[in-house]
Amino acid sequence: MKHFYQTHRNRVIFRSAVVFLLFAGVNFSVFGQTIGDYRSINDGNWAAATSWERFTGTGWVPATTAPGLTTPSVTIRSGFNIRWNTAVGALNVPLLILEGNGFLEVRSNRTLNINTGSIVRLAGSDFIRRQNTITSIINFNAGSVCELTRNGTTTIPVANWNQDSTLKFLNPGGNLTYNNITQTFGNIEYNRPLQSANQTAFLPNNLSGNFTLVNTGSFTLVLNNNDPERIITVGRDFILNGGTLQFSGATTNREAFLDVNRDINLNGGSFNNTLSPDSGFYFVGNGVQQNFSSSIVLSTQINQRFFRIAVSGPSRINQTYQGSALQSTIWGIPQSPDYLPVQTATSLFGDITINNPAGVTLSTAQTINQNLFLTNGTLTNSTNNIV
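Residues numbered from 1 in each chain as written. Predicted model: local features only at pLDDT ≥ 70, side-chain atom pairs only at ≥ 80, totals over all residues. Heavy atoms only, no water.

S.K.: Mind showing me how you'd approach the environment of Ser-144 here?
M.R.: As for its position among the elements, Ser-144 is in the loop between strand S15 (137-140) and strand S16 (145-148). Taking the relative accessible area as the measure of exposure, Ser-144 reaches 0% and is therefore buried. With 29 residues separating them along the chain, Ser-144 and Asn-115 place their C-alpha atoms 5.2 Å apart. (Helix = DSSP H or I, 4+ residues; strand = E, 2+ residues; numbered from the N terminus. Buried < 20%, exposed > 50% of the residue type's maximum accessible area, 1.4 Å probe, protein only.)

What follows is the structure in structure tokens.
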């Protein structure tokens, strides 16, 4: 029995190629430029023209104004300190790149708003700093994006992350450390096709938006490699589009609980079968209908790791199976009194949709409370019954 639940579960398009030279853990970038791009030439305030030079199409010249809405991209180069000294202002550029140890500092009693359509790319060892940890405020608002592209330890800005902001893990390299990871973020997108080792260092525990896994190269993303237990709370959807997800770094004492408040969509990718006993997916949406959809075949080890919260959980769980090879319905092995196998609540399952020409096998007895849709393929009950 998981007794610990009682205390722990309170709940620019570039016109020429981009070349990266990786040396000593720092990314040095040579970018094709666009007319109107800005880059730092002096330390100084963001709003001061003297802090910048501008690309004319043939070369760089001193800027006559600060970057604005028509600026394609702004680069703070290594070694430069640009200060945000506007009381309450917005980063009105499509792309801001921080290289090497160049940084943007939000001064005391100042607020930086990063709004819809703005991308902040952290390509170096430095980041957006706050002069004052209380009065220097950074807001990643709805539609904003922060990209992490450094091959090495990366410091994420301490900020207010809107539910519809997105933090993208795009780094090449191996098992990287991310600082300031304990914040509550909006959406997380993990897309590291050049990942060169299993990622076992901590990623965020708390998301108010979606968690989307796109690519892990030839390696895996491990949710818990270090602690007896780890809870990853996803405020909206968990989406697996590619890559390989591994719940636990060991078969014992490395529990990883993926608490999902909305939908679980398994569109591609795969799972590593290493799990500690209680690791798995947990449907925890309070009084809402949650949906499970899968286009991939799950191993027995993964297929039996779907659970529900016993109190104040979802009102319904709808299932869709749309693979091209034989699939089995999800179920759960026996759990603690607080978190139960999905199939044990006779009133929980709503619609089941079968859209798989290879068919679907019923893993356990299920009670369907709404509709059974046989769009394509058959549902085989074997020794289990469907009511």
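There's plenty left to go through after this.
S.K.: Just to check I follow, could you spell out the pattern of salt bridges for this structure?
M.R.: Between side chains of opposite charge, a pair can form as their charged atoms come close. Scanning all chains against the criterion turns up five salt bridges. Between Glu-53 and Arg-39 there is a salt bridge; the shortest N-O distance is 2.5 Å. Here Glu-53, found in strand S5 (residues 52-55), pairs with Arg-39, found in strand S3 (residues 38-40); they are 14 residues apart in sequence, far enough to count as distant. When its relative accessible area of 23% is taken as the criterion, Arg-39 is described as partly exposed. Salt bridges sharing partners connect three or more residues here, namely Arg-39, Glu-53 and Arg-77. (Salt bridge = Lys/Arg side-chain N within 4 Å of Asp/Glu carboxyl O.)

S.K.: Could you clarify how one ought to interpret the pairing of strand S11 (residues 103-106) in this entry?
M.R.: The side chains of a regular strand alternate between the sheet's two faces. Covered by surrounding structure in S11 are Phe-103 and Glu-105 together with Leu-104 and Val-106, the residues of both alternating faces. Both strand S8 (residues 81-84) and S11 contribute to a ladder of four bridges, which runs parallel. From the neighbouring strand, Arg-83 faces S11, where its bridge partner is Glu-105. The pairing of S11 with strand S14 (residues 128-130) spans three bridges and is parallel. Bridge pairing in S14 places Glu-105 opposite Arg-129. (Pairing = 2+ DSSP bridges.)

S.K.: Could you clarify how one ought to interpret unusual backbone geometry in this entry?
M.R.: Glycine aside, a negative phi is what most residues show, and trans is what most peptide bonds show. Look at Asn-109: it is not a glycine, yet its phi comes out positive at around 60°. On the secondary structure map, Asn-109 appears in the loop between S11 and strand S12 (111-114). The class for Asn-109 is exposed, based on a relative accessible area of 53%. The phi dihedral of Asn-180 falls on the positive side, at around 60°, and the residue is not glycine. Summarising the element assignment, Asn-180 is placed in the loop between strand S20 (178-179) and strand S21 (184-185).

S.K.: Can you walk me through the nonpolar core in this structure?
M.R.: General note: in soluble globular proteins, nonpolar side chains tend to be found buried as a group. Ranked by internal contacts, the top residues of the largest apolar core, which has 73 residues, are Trp-46, Phe-238, Leu-258, Leu-266 and Phe-271. Ignoring any residue separated from it by four or fewer positions in sequence, one finds Leu-266 in contact with Phe-238, Leu-240, Phe-271, Phe-281, Phe-292, Ser-293, Ser-294, Ser-295, Ile-296 and Leu-298. Residues Phe-257, Val-284, Ile-309 and Ile-333 belong to the second largest nonpolar core, which totals eight residues. (Core = buried A, V, L, I, M, F, W, Y, C linked by side-chain atoms within 4.5 Å. Contact = heavy atoms within 4.5 Å.)

S.K.: Even after reading the chapter, I still don't get the sheet that holds strand S29 (residues 255-260), so can you show me in this structure?
M.R.: Strand pairing in a sheet takes place through backbone hydrogen bonds and is either antiparallel or parallel in direction. Pairing is mixed in the open sheet, where seven strands are placed in the order S21-S23-S26-S29-S32-S34-S37. Looking at strand neighbours, the two that pair on one side only are S21 and strand S37 (339-341), the edges of this open sheet. In this sheet, strand S34 (residues 306-309) lies alongside strand S32 (residues 280-283) in parallel orientation, the contact comprising three bridges. By the bridge assignment for S34, Phe-283 is matched with Arg-308.

S.K.: Sorry, what's going on with the packing of aromatic side chains here?
M.R.: Two descriptors summarise a pair of aromatic rings, namely the distance from one centre to the other and the angle between the planes of the rings. A complete count under the given rule lists 19 aromatic pairs for this structure. Aromatic pair Phe-169 and Tyr-178: ring centres 4.8 Å apart, planes at 85°, arrangement edge-to-face. A relative accessible area of 0% means that Phe-169 is categorised as buried. Residue classification places Tyr-178 among the buried positions, given a relative accessible area of 4%. These aromatic residues form a ring-pair network of at least three members: Phe-211, Phe-238, Phe-247, Phe-271, Phe-281, Phe-292, Phe-306 and Tyr-321. In this arrangement the basic side chain of Arg-129 is found over the ring face of Phe-103, its NZ or CZ atom lying 3.4 Å from the centre. Residue placement shows Arg-230 over the ring face of Phe-202; its charged tip is 4.4 Å from the ring centre. (Phe/Tyr/Trp six-rings, centres within 6.5 Å; stacked < 30°, edge-to-face > 60°. Lys NZ or Arg CZ within 6 Å of the ring centre and 35° of its normal.)

S.K.: I keep staring at the sheet that holds strand S28 (residues 244-248) and nothing clicks. Help me out?
M.R.: Pairing is parallel in the open sheet, where three strands are placed in the order S25-S28-S31. Two strands bound the open sheet, and with one partner strand each, they are strand S25 (221-224) and strand S31 (270-272). Pairs of neighbouring strands in the sheet enclose a mean axial angle of 30°, with direction left out of account. (Axes fitted to C-alpha atoms, helices over the stretch in contact; angles between N-to-C directions.)

S.K.: So what exactly am I meant to see when it comes to the side chain of Asn-318 here?
M.R.: Considering the arrangement of structural elements, one finds Asn-318 in strand S35 (residues 316-321). Accessibility expressed as a relative area gives 11% for Asn-318, which makes it buried. When near neighbours in sequence (up to four residues on either side) are disregarded, Asn-318 contacts Gln-289, Gln-290, Asn-291, Phe-292, Gly-350, Asp-351 and Gln-370.

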